[in-house]
Amino acid sequence: MRDFVLLMIGAALVNNVILARFLGLCSFMGVTTRIDTAAGMGLATTFVITVSSMADWAVQHYLLDAYNLGYLRTVTFILVIASAVQFTEMTIKKVSPELFQMLGIYLPLITTNCAVLGVALLLVEGHMSFIASTLFAFASSVGYSLVMVIFAGLRERLVLAQVPRLFAGPPIAFIVAGLLAMAFMGFSGIATS
Amino acid sequence: MSRDMHSVEGIARVVGVDGATAWLEPEQTGGCGSCASANSCGAGTSQGGIGTVANRIAARRFTLDNISDLHVGERVVVGVAERALVSAALTAYGLPLATALTAGGIADSYRGGDFATMAAMAGGLITGLLLARLVARRLSMRGELAPRFLRRAPVNPPPKSPCGDLPPGGQKHLGRPGVFPGETCGGSTT
């Protein structure tokens, strides 16, 4: 149990997908203009990363490893992720058309989010059990969502701030992102993954 | 979208009127398809076909009670409660994930095998989706998920970049507070 908790803390805070591994940076800059959209995107990404990592683990162990097809890993994982997104979209549409109308716009954006593929490839490197890899993927995506919401909150405040003309726009956003990354460095040493 | 006191607003276009019901299509204001290369990568809103943004927007058409005498082609501002987006996301994604992880955790602690854990998680996921369906139905009955008509939007808006107004020369203002020049206002994900 303690190992799982440390694994999750490490994945979410110490080795954060965005701030330590630099994955999913486009959505980090692009979908963080408002807190509610960042939270919606974060939850959708959390769901897709966790579900696709479960499928990726099964494909890796029962197909790629079993038949010595490791060289097809990246292509196979991309296919699995695209299928997971499509499955999610179809399921949400079936479960509740109202929810699909409200949230459906985020799903196609996740297909090309490199954080999803990055987490899947990290799982393979980790040689973890199914439950450990699922918890690692879940914690990684929770860390992603956490940073998205924090950064969206900072950007909502930045809009109201008097930023010097030279720094306005992406420069101040990148400076804030850098400061946020430095703040997350404070978690280093708590746990490793 | 802009923030009102208690609602998230978006612009939609009336694409059909059927008696007391109006059909609306949300306008794509951000996300993939809003960059300068949208038409070359197939994400442009002007293109049709499977998987394109135009196709996805068409799939997200919704209805409103036409109490404001809306006509086809009109642009209107619609809104949902500010917390509705987050509660909808929690219902659709959070609930199934929670049940799947709980089922997987219980199975792992009792049986310990990967296959049993995987089967339990799949079962938990399906249970969570069924629960999400019930919760979504309750939210829908309360009217929390339905967009409301707020006001009419300008019919012919001035040409806009994804992040704000374009100046006369077509160049974005560098250094405009609150707008990030060169960004797409969201959606491009790598």
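Residues numbered from 1 in each chain as written. Chains lettered and ligands numbered in written order. Predicted model: local features only at pLDDT ≥ 70, side-chain atom pairs only at ≥ 80, totals over all residues. Heavy atoms only, no water.

1. Quick word on a nonpolar patch on the surface
- On the surface, a nonpolar cluster with roughly 660 Å² of combined accessible area is contributed by Leu166(A), Phe167(A), Ile175(A), Leu179(A), Met182(A) and Met185(A).
- With respect to the helices and strands, the residue Ile175(A) is situated in helix H9 (residues 170-184). (Patch = residues over 30% accessible without salt bridge, like charges linked within 9 Å, V, L, I, M, F, W, Y side chains within 5 Å. Areas by Shrake-Rupley, 256 points an atom, 1.4 Å probe, with all protein chains shown as cover. Salt bridge = Lys/Arg side-chain N within 4 Å of Asp/Glu carboxyl O. Helix = DSSP H or I, 4+ residues; strand = E, 2+ residues; numbered from the N terminus.)

2. Some details on the confidence of the model for chain A
- For chain A, the average pLDDT comes to 86, and 94% of its residues sit at 70 or higher.
- Looking across chain A, the model is least confident in helix H6 (residues 107-111) of chain A, with a mean pLDDT of 69, and most confident in helix H8 (residues 130-160) of chain A, with 92. (pLDDT = per-residue confidence, 0-100.)

3. Overview of the nonpolar core
- Ranked by internal contacts, the top residues of the largest apolar core, which has 81 residues, are Leu19(A), Phe28(A), Met148(A), Phe151(A) and Tyr93(B).
- If one sorts the elements of this core by residue count, H8(A) sits on top with 14 residues.
- If you look at the next biggest cluster of nonpolar residues, it comprises nine residues, including Leu24(B), Phe62(B), Leu70(B) and Val78(B). (Core = buried A, V, L, I, M, F, W, Y, C linked by side-chain atoms within 4.5 Å. Buried < 20%, exposed > 50% of the residue type's maximum accessible area, 1.4 Å probe, protein only.)

4. Side note on helix H4 (residues 73-95) of chain A
- Over its 23 residues, H4(A) runs 32 Å from end to end, which matches the ideal 33 Å to within 8%, given 1.5 Å per residue.
- Taken residue by residue, H4(A) has Thr76(A), Phe77(A), Val80(A), Ile81(A), Ala84(A), Val85(A), Thr88(A), Glu89(A), Thr91(A), Ile92(A) and Val95(A) as its buried positions. (Expected span 1.5 Å × (residues − 1).)

5. Points about the environment of Val119(A)
Residues and elements named next belong to chain A.
- Within the secondary structure, Val-119 sits in helix H7 (residues 114-126).
- Measuring from C-alpha to C-alpha, the distance between Val-119 and Gly-42 comes to 15 Å, with 77 residues separating the pair along the chain.
- For Val-119, the contacting residues outside a window of four places in its chain are Val-17, Ile-49, Ala-137 and Ser-140. (Contact = heavy atoms within 4.5 Å.)

6. Section: the packing of H7(A) against H8(A)
Residue and element names in this part refer to chain A.
- At their nearest, the axes of H7 and H8 sit 10 Å apart, and the two run at 145° to each other. The handedness of the crossing between H7 and H8 comes out as right-handed. On the side of H7, the interface is formed by Ala-115, Val-119, Leu-122 and Leu-123, while H8 contributes Ser-133, Phe-136, Ala-137, Ser-140 and Tyr-144.
- Here the contact of H7 with H8 is composed, by residue class, of seven nonpolar, two polar and no charged. (Axes fitted to C-alpha atoms, helices over the stretch in contact; angles between N-to-C directions. Left-handed = near helix turned anticlockwise from the far one by under 90°. Nonpolar A, V, L, I, M, F, W, Y, C, P; charged D, E, K, R; others polar.)

7. Observations concerning the environment of Val159(A)
- Relative to the elements of secondary structure, Val159(A) occurs in helix H8.
- Between the alpha carbons of Val159(A) and Ala183(A) there is a distance of 22 Å; along the sequence they are 24 residues apart.

8. Let's talk about the packing of helix H3 (residues 35-64) of chain A against H4(A)
Residue and element names in this part refer to chain A.
- Relative orientation of the contacting elements H3 and H4 amounts to 140°, with a least axis distance of 9 Å. Regarding the angle of H3 to H4, the classification is oblique. Relative to H4, the crossing made by H3 is right-handed. Only Arg-73, Thr-76, Phe-77, Val-80, Ile-81, Ala-84, Val-85 and Thr-88 of H4 make contact with H3, whose side of the interface consists of Phe-47, Val-48, Ser-52, Ala-55, Asp-56, Val-59, Gln-60 and Leu-64.
- For the contact of H3 with H4, the per-class residue count stands at ten nonpolar, four polar and two charged. (Parallel < 35°, antiparallel > 145°, perpendicular 65-115°, else oblique.)

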